[in-house]
Amino acid sequence: MSETSFTPRVFSGIQPSGNLHLGNYLGALKRFVDWQAKDVESIYCMVDLHAITVWQDPKDLQKSTRELCAGFIAAGLDPEKSILINQSQVPEHAQLAWVFNCVARMGWMQRMTQWKDKAGKNAQNASLGLFAYPALMAADILTYHATHVPVGEDQKQHLELARDIATKFNHDYDVDFFPIPEPVIEGAGTRVMSLRDGSKKMSKSDVSDASRINLTDDADTIAKKIRKAKTDPDALPSEAKGLEERPEARNLINIYAALNGQSVDQVLADVGGKQFSEFKPMLADLAVDKMSPITTEMSRLMENQDEIDKILTRGAERARAITAPILRKTYDIVGMVPPVER
Ligand code: TYM
């Protein structure tokens, strides 16, 4: 199966479960904007069906979905160039997911670290949707025949599973129908860590708000969180290998590099030898400079929710022009009788 026989198409998604943070921005959103500049057809999705695999208050879910859409646009996605959608408005995602539930194996799902982390010791009480989560994710991607999927490092295992599902489907039905999608995990921002603990990833579910920079934080809050970020007493090294045993220092340097569009080596060439007392204000200024316009634009867009809803409706129409024929063809391959045209 050649991976190049499909037209390049990008798909990625973010859960609208609140607290959009710097990790989501650097690991995903900012990179979506870079892809948009490459003029490849791209679809970016607010995955509300994924969000409800754990409890979501309905009102909060609506607000977070619109806020996420505002975040996409404020970060630089143009709804004319990229297709922005809310997953539940494009029914082919859930429909193809059912087919994939019948392709994926229980054992594959059980091995997923996210399933193990989220269900924990209480797996009997977790939702069936949480278990099947990666099959829906594979459907998100493959219902567009997407070939490239920019994500943060924590999604790597799910992407491998999507590849396994595409491969098994093609093999079982003896077709060359689904592309084998490529995860694109590149740059310094693909694993942003907590500001309080350099061994834990920055996460929307961390109880400490000081552990993350939210896209809704104002300039003062951003600066304060960076000033208070955990560090060590040593000066910054001049080379990347000097960061190896220093997770907090490495994290702050990675954040600086990703925000400034530089490599870690370039940043260290400039700041090597400096103390954190000097580097932290530099990072705070940079973060405020890059994030504040996004925050301001997000809240401006949130004042006009009708506009956001229209963008999502239009996005779903454009998306369905791609997904409906792919789903129909999938059903044909599987052996489902098509409706007759009348
Ligand atoms: P979610 O909503 O947890 O995260 C959205 C994106 O942000 C990235 N990310 C991070 N990157 C760097 N550092 C961090 N600390 C950090 N935290 C989150 C994630 O890697 C992701 O790219 N299952 C997905 C959503 C999804 C999806 C898809 C993604 C559903 N269907 C299809 C790609 C393709 C998720 O929960 O992401």
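In this text the structure is predicted, and so the values were computed from the model without any measurement. (Residues numbered from 1 in each chain as written. Predicted model: local features only at pLDDT ≥ 70, side-chain atom pairs only at ≥ 80, totals over all residues. Heavy atoms only, no water.)

What about the pairing of strand S1 (residues 10–14)?
The buried fraction of S1 amounts to four of the five residues, a majority that puts the element mostly inside the structure. Direction of pairing for S1 relative to strand S2 (residues 42–46): parallel, over a ladder of five bridges. In the sheet register, Gly13 faces S2, and the bridge partner there is Cys45. Note that the unit made of S1, helix H1 (residues 22–37) and S2 has a crossover that is right-handed. (Buried < 20%, exposed > 50% of the residue type's maximum accessible area, 1.4 Å probe, protein only. Helix = DSSP H or I, 4+ residues; strand = E, 2+ residues; numbered from the N terminus. Pairing = 2+ DSSP bridges. Right-handed = clockwise from strand over helix to strand, strands pointing away.)

Remarks on the site of the ligand
Around the ligand sit 28 residues, and of these Gln15, Tyr133, Asp140, Asp154 and Val192 come closest. Contact between the ligand and Asn24: an oxygen atom at 3.1 Å from a side-chain N or O atom of the residue. Between a nitrogen atom of the ligand and a main-chain N or O atom of Met202, the distance comes to 2.9 Å. Within the complex, 97% of the 710 Å² of free accessible area of the ligand lies under protein. (Near = heavy atom within 4 Å. Polar contact = N/O pair within 3.5 Å; in protein donor to acceptor, adjacent residues only side chain to side chain. Areas by Shrake-Rupley, 256 points an atom, 1.4 Å probe, with all protein chains shown as cover.)

Considerations on the pairing of strand S3 (residues 83–86)
Side chains of S3 alternate between two faces, with Ile83 and Ile85 and Leu84 and Asn86 buried alike. Two elements, S2 and S3, share four bridges in a ladder whose sense is parallel. Residue pairing in the sheet places Tyr44 in a bridge with Leu84 of S3.

Thoughts on the UniProt feature "binding site: L-tryptophan" (unreviewed entry) in the protein
As annotated in UniProt, the feature "binding site: L-tryptophan" (unreviewed entry) corresponds to Asp140 in the numbering used here. Turning to its location among the elements, Asp140 is positioned in helix H7 (residues 128–142). Excluding anything up to four places from it in sequence, Asp140 contacts Phe11, Val47, His50, Gln87 and His93. (UniProt positions renumbered as here; feature names shortened; annotations may be inferred. Contact = heavy atoms within 4.5 Å.)

Observations regarding the domain arrangement of the protein
Assigned domains of the protein: these are domain 1 (9–190 + 304–334) and domain 2 (209–300). Across the domain 1/domain 2 interface, buried area totals approximately 1,300 Å², and carbon plus sulfur atoms make up 74% of it. Among the residues domain 1 hides against domain 2, the three largest losses belong to Leu22, Ala74 and Ala188. Together they make up 37% of the total. At the surface where domain 1 touches domain 2, the tally comes to zero salt bridges. (Domains from an automatic or database assignment. Buried area = accessible area lost by both parts, 1.4 Å probe. Salt bridge = Lys/Arg side-chain N within 4 Å of Asp/Glu carboxyl O.)

Brief notes about unusual backbone geometry
One non-glycine residue with positive phi stands out, namely Asp39, at about 65 degrees. Take Asp39: it is sitting in the loop between H1 and S2. For Asp39, a relative accessible area of 68% gives the class exposed. Positive phi, close to 55 degrees, is recorded for Asp174, a residue that is not glycine. Along the polypeptide, Asp174 turns up in the loop between helix H8 (156–172) and strand S5 (182–184).

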